[in-house]
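Listed here are the chains, written in short residue letters.
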Amino acid sequence: MRAAAISTPRLDKMPGMFFSANPKELKGTGHSLLDNTTQKKRPKTFGMDLKAYLRSMIPHLESGMKSSKSKDILSADEVIQWSQSLEKLLANQTGQVVFGNFLKSEFSEENIEFWLACEDYKKTESDLLHCKAEKIYKAFVHSDAAKQINIDFHTRESTAKKIKEPTPTCFDEVQKIIYTLMEKDSYPRFLKSEIYLNLLNDLQANSLK
């Protein structure tokens, strides 16, 4: 079966993503994500942008195919696996990007951005834990956060206490809540969405050529 070649985007280069590929870059950095003035604005052409994005996911076959052993190959089988569980979807970098675009269309991209930030936080060097924990808290958890996630008051207060003496697991409780929210709410809709079904259909069609 032939698969469509795709260049997997680097998450640290994606606009709106919270984390850096190099934790030390966090020192002295002022990401726009942390600005409370950030607004969730969507251009009128957002629907067209999604279609253009989907088309860009499937390069023209005439331009050449990479080896089937390449890590940059996205196959229909792989995309089908995304439907088996949210865990499998988020374990795939391209899956993260496609799901993130879907969440943007629903104005809830803060959920995957927070989840990814937590995954990155767990890998943080001990001397940078306090700095990064504060930034994640201010960006997503604080009651005045620009990209505030949907959690209860108790969890918000509990997280605020944990980051005073941060550990690699201090966001685990709230991260699990957001994961469950995506799993039960957004993920089922994603599997029925045009962004997922069109991508799968295009890959299946290309595999038959």
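This text goes with the structure placed above it.
First, a word on what this report is: a plain description of the structure on this page. (Residues numbered from 1 in each chain as written. Predicted model: local features only at pLDDT ≥ 70, side-chain atom pairs only at ≥ 80, totals over all residues. Heavy atoms only, no water.)

**Considering the overall build of the protein**
For the protein, the helix and strand inventory stands at nine helices and two strands. Ordered by position from N to C terminus, the α and β elements of the protein give β-α-β-α-α-α-α-α-α-α-α. For the protein, buried positions account for 45% of its 209 residues. Contacts in the protein between residues at least 24 apart in sequence constitute 71% of all its contacts with a sequence separation of at least 6. For the protein, the accessible area works out to roughly 11,700 Å², and carbon and sulfur atoms hold 51% of it. (Helix = DSSP H or I, 4+ residues; strand = E, 2+ residues; numbered from the N terminus. Buried < 20%, exposed > 50% of the residue type's maximum accessible area, 1.4 Å probe, protein only. Contact = heavy atoms within 4.5 Å. Areas by Shrake-Rupley, 256 points an atom, 1.4 Å probe, with all protein chains shown as cover.)

**Examining the environment of aspartate 77**
Checked against the element boundaries, aspartate 77 lands in helix α2 (residues 76-81). Taking the C-alpha atoms as reference, aspartate 77 lies 9.0 Å from leucine 203; in sequence the two are 126 residues apart.

**Considerations on the pattern of salt bridges**
Considering all chains together, one arrives at eight salt bridges under this definition. Between arginine 189 and glutamate 106 there is a salt bridge; the shortest N-O distance is 2.8 Å. Taken as a pair, arginine 189 in helix α8 (residues 172-191) and glutamate 106 in the loop between α4 (93-105) and α5 (110-121) lie far apart in primary sequence, 83 residues in all. Take arginine 189: its relative accessible area is 35%, and that puts it in the partly exposed class. (Salt bridge = Lys/Arg side-chain N within 4 Å of Asp/Glu carboxyl O.)

**Topic: helix α7 (residues 153-162)**
Within α7 the residues assigned to the buried category are Thr155, Arg156, Ser158, Thr159 and Ala160. Looking at the buried residues of α7, the elements they touch are α6 (129-141) and α8. At the N-terminal end of α7, a side-chain oxygen is found 3.0 Å from the backbone nitrogen of histidine 154, two or three residues along, and the residue is aspartate 152. (Polar contact = N/O pair within 3.5 Å; in protein donor to acceptor, adjacent residues only side chain to side chain.)

**Quick look at α8**
Remark: the principal bend of α8, roughly 40°, maps to glutamate 183. Within α8, burial applies to Val174, Gln175, Ile178, Tyr179, Met182, Ser186, Tyr187 and Phe190. Close packing links the buried residues of α8 with α3 (86-90), α4, α5, α7 and α9 (194-207). (Bend = angle between axes of the 7 residues up to and from the residue.)

**So, the packing of aromatic side chains**
Within the structure shown, the criterion is met by nine aromatic pairs. Ring geometry for tryptophan 82 against tyrosine 196: centres 6.4 Å apart, planes inclined by 40°, an arrangement best described as tilted. Of this pair, tryptophan 82 sits in the loop between α2 and α3 while tyrosine 196 sits in helix α9, placing them 114 residues apart in sequence. Given a relative accessible area of 1%, tryptophan 82 falls into the buried group. Residue class for tyrosine 196 comes out buried when judged on its relative accessible area of 4%. When the ring of phenylalanine 190 is compared with that of tyrosine 196, the centres are 5.2 Å apart and the planes differ by 50°; the resulting orientation is tilted. The buried category is assigned to phenylalanine 190, whose relative accessible area is 0%. Here a set of aromatic residues connected by ring pairs shows up, and it is made of Trp82, Phe99, Phe102, Phe190 and Tyr196. (Phe/Tyr/Trp six-rings, centres within 6.5 Å; stacked < 30°, edge-to-face > 60°.)

**With respect to the environment of alanine 139**
Counting through the fold element by element, alanine 139 comes out in helix α6. Judged by relative accessible area, alanine 139 falls into the buried class, the value being 1%. Each C-alpha atom of the pair alanine 139 and isoleucine 149 lies 9.3 Å from the other, and the pair is ten residues apart in sequence.

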